[in-house]
Amino acid sequence: MSGLILSNVTKQFGTFKAVNDVSLSVPDGTFVCLLGPSGCGKTTLMRMIAGLDLPTTGSVALGGEDITQIPTHKRNLGMVFQSLALFPHLTVGENIAYALRIRGVDKADQKKRVDELLGMIHLSGFADRSVNKLSGGQRQRVAIARALAISPKLFLLDEPLSALDAKLREAMQVELRQLQQRLGITTIVVTHDQREAMTMADTVVVMNGGEIRQAAAPVDIYRRPADSFVADFIGSTNLIPFRADGRGQASIFGSAVDGFSLVGAKAGTISVRPEDVQIVTAEGSSVTGTVTFIRDLGGTVETFIEAGGQQIVAVSSPRTRPNVSIGQTVGLRFDPETSVVLAQ
Ligand code: ATP
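Along each chain, the written sequence defines residue order, and numbers are assigned to residues from 1. The model is predicted, so local features are restricted to residues of pLDDT at least 70 and side-chain atom pairs to those at 80 or more, both for listing and for counting; the totals for chains, interfaces and linings are taken over all residues. To get the side-chain values, all heavy atoms of the structure are used, and hydrogens and water are removed first.

(A) Expanded view of the packing of helix H2 (residues 92-102) against helix H4 (residues 136-148). Between N-to-C directions, angles cover 0 to 180 degrees, with each direction set by a line fitted to C-alpha atoms, over the stretch in contact for helices. In this description a helix means any DSSP run of H or I spanning at least four residues, a strand means any run of E spanning at least two, and both kinds are numbered starting from the N terminus. Running from amino to carboxyl end, H2 crosses H4 at an angle of 30 degrees, the nearest separation of the two axes being 7 Å. Here H2 lies roughly parallel to H4, going by the angle between them. In this structure, H2 crosses over H4, and the sense of that crossing is right-handed. Counting all contacts with H2, which are made through Val92, Asn95 and Ile96, the residues of H4 involved are Val142, Ala145 and Arg146. Each angle receives one of four descriptions, namely roughly parallel if under 35 degrees, roughly antiparallel if over 145, roughly perpendicular if within 65 to 115, and oblique otherwise. Left-handed describes a crossing in which the near helix is turned anticlockwise from the far one by less than a right angle; the clockwise case is right-handed. Any two residues having at least one pair of non-hydrogen atoms within 4.5 Å are treated as being in contact.

(B) View of the pairing of strand E16 (residues 288-296). Each pair of strands is called paired provided DSSP finds at least two bridges between the two strands. Of the pairings in the sheet, the one linking E16 to strand E19 (residues 329-334) comprises 3 bridges and is antiparallel in character. Opposite threonine 290, over in E19, you have threonine 329 as the bridge partner. Relative to strand E17 (residues 301-307), E16 runs antiparallel, the two being bridged by 6 bridges. Considered in E17, the bridge of phenylalanine 293 is made with phenylalanine 304. Hairpin connection from E16 to E17: 4 residues lie between these consecutive antiparallel strands, with glycine 298 at a positive phi of about 90 degrees.

(C) Region of interest: the packing of aromatic side chains. Only centres within 6.5 Å qualify two rings of Phe, Tyr or Trp (six-membered ring in Trp) as a pair; their planes then separate them into stacked at under 30 degrees, edge-to-face at over 60, and tilted for everything else. Counting across every chain of the model gives 3 aromatic pairs. On the numbers, 5.5 Å between centres and 10 degrees between planes, the contact of phenylalanine 229 with phenylalanine 233 is stacked. With phenylalanine 229 and phenylalanine 233 both in helix H8 (residues 228-233) and 4 residues apart, this pair spans about one turn of that helix. Taking the centre distance of 5.8 Å and the plane angle of 65 degrees together, the rings of phenylalanine 293 and phenylalanine 304 count as edge-to-face. Taken as a pair, phenylalanine 293 in strand E16 and phenylalanine 304 in strand E17 lie far apart in primary sequence, 11 residues in all. For phenylalanine 293, a relative accessible area of 46% corresponds to the partly exposed category. Our definition puts a charge over a ring when NZ of Lys or CZ of Arg is within 6 Å of the ring centre and also within 35 degrees of the ring normal. The ring of phenylalanine 87 has arginine 146 lying over it, and the distance from NZ or CZ to the ring centre is 4.8 Å. Directly above the ring of tyrosine 222 sits arginine 273, whose terminal nitrogen or CZ lies 3.9 Å from the centroid. When accessible area is computed with a 1.4 Å probe and restricted to protein chains, residues below 20% of their type maximum are described as buried, those above 50% as exposed, and intermediate ones as partly exposed.

(D) Seen up close, unusual backbone geometry. One non-glycine residue, asparagine 8, lies in the positive phi region at around 50 degrees. Tracing the backbone through its elements, the reader meets asparagine 8 in strand E1 (residues 4-13). Although it is not a glycine, asparagine 76 sits at a positive phi angle of roughly 60 degrees. Inspection of the secondary structure puts asparagine 76 in the loop between strand E5 (65-66) and strand E6 (77-81).

These figures come from the coordinates and say nothing about function on their own.
Written as structure tokens, this is what we have:
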């Protein structure tokens, strides 16, 4: 099979496993984001894909060829790593053409490719500009063009947008995704920003403690998280303990609820997204709580409810805002269709 295939990759530093038995298949032309909290092993995994580190055990294959022992410069990669800055003494055009010049591509072809790439990153006419006279976003685009100059087989980016301010970062996420789709290049990005991963990726790979917790399409990760770590890390969620009596009857905070079942276990957790929590009247509701705070953010309204000794957050739009006030006892309804039952 072509694409990138990681098979049982482990990286050990002393006795510590920074990456533990990771297997992943990245089909050609897809965009994958490695996502996880600081220290989860994403950079270490990326460095092994890049050939900057050797796995302790396991293998890396690209396009059907085992490249585990192949040095970085022979892997035909485009890389944008935080540590790989632009060459400050070269112009924009010279930076982009750098790898072509090293490879002995003739001047006319270099210029053609540079012009093509400048067009792609919306910087046509910038070839002779000093890179010191670019904004942060422009500099990042040049770094991307420089990495793509050689038409790499695999495009690797480690936190490529982290130095940019929030607005520019969001715009660049869309741009990077559109560029990747136009080129159809297999791309792997390391990020700790879940919104960034959800914006760009075909597949989000959620890591924790050196292991993959889930690898799936963004909407599946959000709607069907594999465990409570993923549910909590992606977006926000209410994790509500839940008990089953073994005869099909489930209960939340000691009250019977319908529609939930847990096979082969007595306790679990229900993940309910704030937008899926329904606030209803207390009368006739099995689960009730007290409204403790209401946050009106203009575009959304968050209602905080204390129930069963924990805080539950419900989100609505201003138009569907529940008609409740602080201190009021309300009923809570969790729809089995939109809730996810997680084993403990
Ligand atoms: P961040 O988002 O903070 O960059 P990360 O998910 O990229 O985190 P890694 O840089 O892959 O995490 O590090 C994973 C773990 O491996 C960390 O606990 C780190 O301290 C450890 N580690 C990384 N490189 C080495 C090394 N060369 N020697 C020893 N430990 C290392």
